[in-house]
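# Structural overview
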Amino acid sequence: MLALFLASLWSLSYYASHILHQDMERTLGEQQFSTVSVIAANVNNALSDRLNALETAAAMMTPSLLDNAQATQNFLNSLPLLQNNFNAGVIAYQRNGDAIAEAPRSAGRVGTNYMDIDTIAAALQDGKSTVGSPVLGKKLMAPVFGMTVPIRDAQHRVVGALSGVTNLGTPNFLDQITQNRYSKTGGYMLVAPQHRLIVTATDKSRIMEVLSPAGTNALVDRFFQGYEGSGVTVNALGVEVLASARSIPLGNWYVAAALPTAEAFAPIHNLQQRMLLATAVLTILAGALTWWTLRRYLTPLSEAAGRLAVMSASPLPLEPLPITRQDEIGQVIGGFNGLLAALAQREDALKRNERKFLDILENIEAYIYLKDLNGRYLFANRTMRRKRGVGMEGIVGSTDEAFFDSKTVAQLHANDRQVLEHGITLKTDETVFNPATGTTAIYLSVKLPLRNDEGDIYALCGISTDITERKKIEEERRIAAIAFECQEGMLVLDDQLKILRVNQAFTQITGYAREEVEGSISIFARADLHPSMAWETAWQEVQRTGSWQGDLWHTRKNGEDYLCRTTMTAVRDENGEISHFVGNFTDATDLYLQEKKRLQHEAAHRNSLVREVHHRIKNNLQGITGLLRQFAAAHPETREPLDQAISQVHSVAVLHGLQGRKSTDTVRLCELTSAIAGNVQAMWQIPIHVDIPPRWVAGIVAENEAVPMALVINELIVNAVKHGGKAHGHVQVRLRKGERPEVILVAIENAGELRPATDPTPDHHIGLHLVNSLMPRHGVTLTREQSSTTVITQLQVEPPVITLETMETHDSEQYNATPSPLAGRR
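Small disclaimer: the values here were computed from a predicted structure and weren't measured.

On to the nonpolar core, then. By size, the foremost hydrophobic cluster in this structure holds 49 residues, and its most contacted members are Leu 47, Phe 145, Leu 162 and Trp 253. It is helix H1 (residues 2-60) that contributes the most residues to this core, 11 residues altogether. Apart from residues lying up to four places away in sequence, Trp 253 is in contact with Leu 47, Val 131, Gly 132, Phe 145, Leu 190, Val 191, Ala 192, Pro 193, Gln 194, Val 199, Ser 247 and Ile 248. In terms of nonpolar packing, the next biggest core, distinct from the first, is built from 41 residues, Val 667, Val 701, Ala 706 and Ala 720 among them.

Structure, rendered in C-alpha cells:
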C-alpha cells in the first residue's frame with residue numbers, strides 16, 4: 001500500500017507538471033500567435049497602401065509620357081508623397097525594361113535594364129502587380145525589395161512599369177517589426193518562404209539570411225508550407241524556442257515570432273520544483289506514518305504467531321488465542337479462534353463419518369479387502385470374513401494360499417500384479433473354487449491401486465461381487481437371443497407400442513435396419529390397404545384376450561406393400577398389467593397372390609356361367625313378349641294392358657341383357673334408363689329424348705334393387721308416354737347430379753296436366769300404384785309437379801340403392817340404348 005501510495009503521489013506530481021506545461025505552452029502559443037497576427041495584418045495593410053499608390057500613379061501615366069524621359073522625370077518629381085512611401089525611390093521603366101526616370105534622381109539607376117528582376121518582368125510581360133523578394137540592389141549595393149505595377153495604354157496594353165523600392169538597410173516602413181523585441185530575449189522576423197530568405201528581423205544581421213534547407217527543421221518546413229500557428233522547435237543556434245507564424249497574403253510572406261522556452265516556461269519550472277519538493281516531503285511523512293501503523297497493528301499478530309508456533313510443537317490440544325484489542329487484529333484472532341472450533345467439530349464429524357464408512361463396508365454384500373505389495377491382507381469386511389469363516393485377526397496378514405486352491409491363487413495373483421505393477425484399475429471376472437464347500441463361484445472384481453502422498457503404490461483395494469446367478473441369467477438370455485434370431489420376423493414392443501427390439505429376419509422382410517425402427521412407434525410400416533379400424537380392432541383384441549392372429553398389409557422401406565401373417569401376444573407383469581407385446585410374422589404375399597389368382601380364375605368361370613344364365617333369361621322373356629303380342633293382335637281390346645305388361649317384361653329383359661354383357665353383375669343407372677327408354681320408344685312409337693351430361697360419373701345399381709328399379713323406371717316412362725307423349729309427340733328424360741355428389745336425379749317430362757289424387761278413375765293410376773309398391777324403402781324418392789303445360793316426374797336416387805363409380809366416364813353416348821328411327825338423341 002505504501003508503494004502504491006508513493007507511486008500514485010509521484011505519478012500525480014508528474015502528470016500535473018506535464019499538464020501544466022502543456023496548458024502553458026498552448027496559452028503562450030495563442031498569445032504569441034495573436035501578436036504576430038496583428039503585426040502580419042499591419043504589414044499587409046502597409047504593402048497594400050503602397051501598391052495602391054503605385055497603381056494610382058501608373059494610371060496617370062500615358063504612352064506619350066513614357067516616350068519623353070524628361071517628362072517622365074518631371075512627373076515622378078511631382079509626386080513627393082509617393083517618394084515618401086519608398087525610401088529607395090520610385091523608378092519608371094519602358095516596355096523593354098530600361099529605367100527612364102527615377103525619383104530622387106541621385107541614385108543613378110536611369111539607363112539600367114532591370115528585366116532580370118522577377119517583379120519587373122512580371123509587370124512588363126504578364127501585366128501583374130507584385131511584391132518582390134529582397135535582393136542586393138544593383139546601384140545601392142544594399143538589400144532592397146521592390147513593388148512593381150504595370151503601366152497600360154487606353155487599350156489596356158502594357159507599355160511600361162512603375163516600381164517603388166524599399167532599402168532594408170535604412171529606416172523603412174517595416175521597422176515596426178525590428179524596433180521592438182518579443183519579451184526579453186525573443187524577436188520577430190519577416191520571411192519570404194518561396195526563396196527561404198529572411199526579409200527583415202529584429203536582429204538586423206539576419207536580413208537576407210538563407211534559412212536551413214527543407215527537412216532540417218520540421219516546424220519551419222510547416223511554416224513554409226502555409227501552416228499558421230505555434231509550436232516548439234530548436235533554432236539554428238541550438239536553442240529551444242516557442243515560435244508562431246502568420247502569413248502576409250499580399251507579399252506571399254509570413255511574420256514569425258520566437259521566444260526561448262527557458263524564458264517562456266520559467267514560471268512553470270519554479271512551480272515544478274516546488275511540486276517535487278512537496279512530493280518528497282509527503283513521501284517521507286507517508287513512510288514514517290506507515291511504519292508506525294504497521295508496527296502498532298502487527299505486534300499482536302507477531303505475538304499470536306509465536307503462541308501458534310509453541311502450540312504446534314506441543315502435543316496438548318489447541319487453545320484459543322488471547323484477544324488484546326477489539327480492532328481489526330482482534331477480529332482476525334477471533335476469527336482464527338472460531339476456525340479452531342470449526343476444525344474441532346469437523347474432526348469429530350470426520351471420525352463419525354469414518355465409523356459410518358466402516359459400518360457400510362462391514363455390512364455391504366460385496367467382498368471388500370485391502371492387500372499390501374506382498375499380497376498379505378490388510379483388511380477384509382464382515383461379508384468376506386464370514387465367507388472365509390475367520391475373524392479380522394485370522395485374515396489380516398494371511399495370503400490367498402490360505403483360502404483358495406492353486407489354480408484360483410494363480411489367477412488372483414496375476415490380476416493383482418497388473419494393478420500393483422502397472423498402476424491400472426482392473427475390472428474383470430474371476431472364477432473362484434472354494435475347497436471348503438466344493439463349489440465354484442464367479443465374481444466381478446474391481447481392483448485399484450492405493451497411492452501415498454508421493455504417488456507411490458502401497459496397497460491394493462479390491463471389491464468383488466458374486467455374479468454367479470447373473471451369469472446363469474445371461475446364459476439363459478443368450479439362448480433366448482439365439483431363439484429370437486429365427487426365420488420368422490420378431491419384434492418386442494413396450495406398452496406404448498414403441499419398438500424395443502427386432503431380429504434379423506424382421507430387417508430382411510421389412511427392409512428397415514434395427515437403428516431405424518428401434519425406439520419408433522410400431523405403426524411406422526402400416527400400408528393404406530386397410531381401414532384404420534382394422535388396426536384398432538386388432539390391438540383391442542390383443543389387450544382383451546392376450547393374443548391376436550391375422551393377416552395385415554404392411555409397407556416395406558422401398559414402398560412395396562406385402563401381406564404380413566402376424567401373431568401378436570401380450571406380456572403381463574406380476575400385477576397383471578400389460579408391460580410388453582411380442583409379435584412374430586411371416587411374409588405371406590406369395591401365398592396371397594396364389595390364392596388371389598385361384599379366386600380370379602373361379603370368378604371368371606362364374607361370370608361366364610352368369611352371363612349365359614342372363615342371356616337365356618332374356619331370350620325366354622323375349623319369347624314371352626312375342627306370345628303376348630300375338631295375343632294382342634288377335635284380341636285388339638286387350639292391346640293397351642298387354643302393351644303395358646310387354647313393356648314391363650321388356651324392362652326385366654333389358655336388365656338381364658345388361659347383366660349378361662358385363663364381366664360382373666353390375667348395372668349402371670344411366671345404361672338401364674337409356675335401354676328402357678329405347679324399348680318403350682320402339683313399342684309405343686313415341687320419340688323419347690334421353691339427356692345425359694358429358695363426363696358423367698355413373699351410379700351402380702345395387703344387385704337386389706336392379707329388378708325393382710327397372711320396373712319403376714319403365715312404369716314412369718310408359719305413364720309419361722300414355723298421358724302426354726301420344727298426344728304431343730315426345731317425352732324427355734334427363735339425368736342430373738343432385739345437391740350432394742352421391743345423389744342422381746332422373747327427371748321424366750311430358751306435356752299434359754297432373755290429375756288430382758282423388759280422381760275416381762282407377763285406370764289412370766294403376767302404373768303409379770305399381771311404382772309405389774316396387775319403390776325401395778330407402779334411397780329413392782318420387783316427386784311429381786306441374787310446370788306450365790309440362791308434368792315433371794322426378795326420381796331422386798341415392799345410396800344404398802346406388803353407389804358412384806370411382807372412374808369418370810368421358811362420353812355419355814355409350815349409355816344410350818339403340819333407339820328406333822323415331823328416337824331423338826342429344
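What follows is about the sheet that holds strand S13 (residues 377-380). With antiparallel pairing, five strands are arranged side by side in an open sheet as S13-S12-S16-S15-S14. In this open sheet, the two edge strands, each paired with only one partner strand, are S13 and strand S14 (426-434). Direction aside, the axes of adjacent strands within the sheet are offset by 30° on average. Strand direction decides the pairing type here: strand S12 (residues 367-372) and strand S16 (residues 457-466), joined by six bridges, are antiparallel. Within S16, the position partnered with Ile 368 by the bridge is Ile 463. In the packing of helix H13 (residues 406-422) onto the sheet, contacts are made with S12, S14, strand S15 (439-451) and S16, and the angle to S14 comes to roughly 160°.

Before going further, it helps to examine the packing of H1 against helix H9 (residues 266-313). Remark: H1 packs on H9, axes separated minimally by 10 Å, with the N-to-C direction vectors making an angle of 170°. By the angle class used here, H1 and H9 are roughly antiparallel. When H1 is examined against H9, the residues Leu 2, Phe 5, Leu 6, Leu 9, Trp 10, Ser 13, Ala 16, Ser 17, Leu 20, His 21 and Met 24 are found in contact with a partner set consisting of Ile 268, Leu 271, Gln 272, Met 275, Leu 276, Thr 279, Ala 280, Leu 282, Thr 283, Ala 286, Gly 287 and Thr 290. For the contact of H1 with H9, the per-class residue count stands at 15 nonpolar, eight polar and no charged.

A few words on the sheet that holds strand S20 (residues 561-572). Here we have five strands laid out as an open sheet, ordered S18-S17-S21-S20-S19, and antiparallel in their pairing. The sheet terminates laterally at strand S18 (499-502) and strand S19 (547-555), the two strands that pair on one side only. The sheet shows a mean angle of 25° between the axes of neighbouring strands, direction not considered. Note that strand S17 (residues 489-494) and S18 share three bridges and pair antiparallel. Within the sheet, the bridge partner assigned to Leu 493 lies in S18 and is Ile 499.

Below, the discussion takes up the environment of Gly 127. Its location among the elements puts Gly 127 in the loop between helix H5 (118-126) and strand S3 (130-131). Judged by its relative accessible area of 17%, Gly 127 is buried. Considering only alpha carbons, one finds Gly 127 and Val 159, 32 residues apart in sequence, at a separation of 9.6 Å. Ignoring sequence-local partners within four residues, the contact set of Gly 127 consists of Ala 122, Pro 150, Arg 152 and Val 158.

Turning next to the pattern of salt bridges. With the rule as written, the count across this model stands at 27 salt bridges. With its nearest N and O atoms 2.6 Å apart, the salt bridge here joins Glu 805 to Arg 668. Residue Glu 805 is located in the segment after strand S29 (802-804), and its partner Arg 668 is located in strand S22 (residues 667-668); the two are separated by 137 residues in the primary sequence. A relative accessible area of 18% places Glu 805 in the buried class. Here the residues in one salt-bridge network are Lys 371, Asp 400, Asp 416, Glu 430 and Lys 447, joined through shared partners.

Owing to its 3.6 residues per turn, the α-helix brings residues three or four apart onto one side. Where H5 is concerned, the buried positions are Thr 119, Ile 120, Ala 121, Ala 122, Ala 123 and Leu 124. Positioned one or two residues after H5, Gly 127 has a phi angle of 70°, which is positive.

On the surface, Lys 351, Arg 352, Arg 355 and Lys 356 cluster together into a positively charged patch. By secondary structure assignment, the location of Arg 352 is in helix H10 (residues 328-363).

Procedures and definitions
Residues numbered from 1 in each chain as written. Predicted model: local features only at pLDDT ≥ 70, side-chain atom pairs only at ≥ 80, totals over all residues. Heavy atoms only, no water. Core = buried A, V, L, I, M, F, W, Y, C linked by side-chain atoms within 4.5 Å. Buried < 20%, exposed > 50% of the residue type's maximum accessible area, 1.4 Å probe, protein only. Helix = DSSP H or I, 4+ residues; strand = E, 2+ residues; numbered from the N terminus. Contact = heavy atoms within 4.5 Å. Pairing = 2+ DSSP bridges. Axes fitted to C-alpha atoms, helices over the stretch in contact; angles between N-to-C directions. Parallel < 35°, antiparallel > 145°, perpendicular 65-115°, else oblique. Nonpolar A, V, L, I, M, F, W, Y, C, P; charged D, E, K, R; others polar. Salt bridge = Lys/Arg side-chain N within 4 Å of Asp/Glu carboxyl O. Patch = residues over 30% accessible without salt bridge, like charges linked within 9 Å, V, L, I, M, F, W, Y side chains within 5 Å. Areas by Shrake-Rupley, 256 points an atom, 1.4 Å probe, with all protein chains shown as cover. Lys, Arg positive; Asp, Glu negative; His and termini not counted. Charge placed at Lys NZ, Arg CZ, Asp CG, Glu CD.

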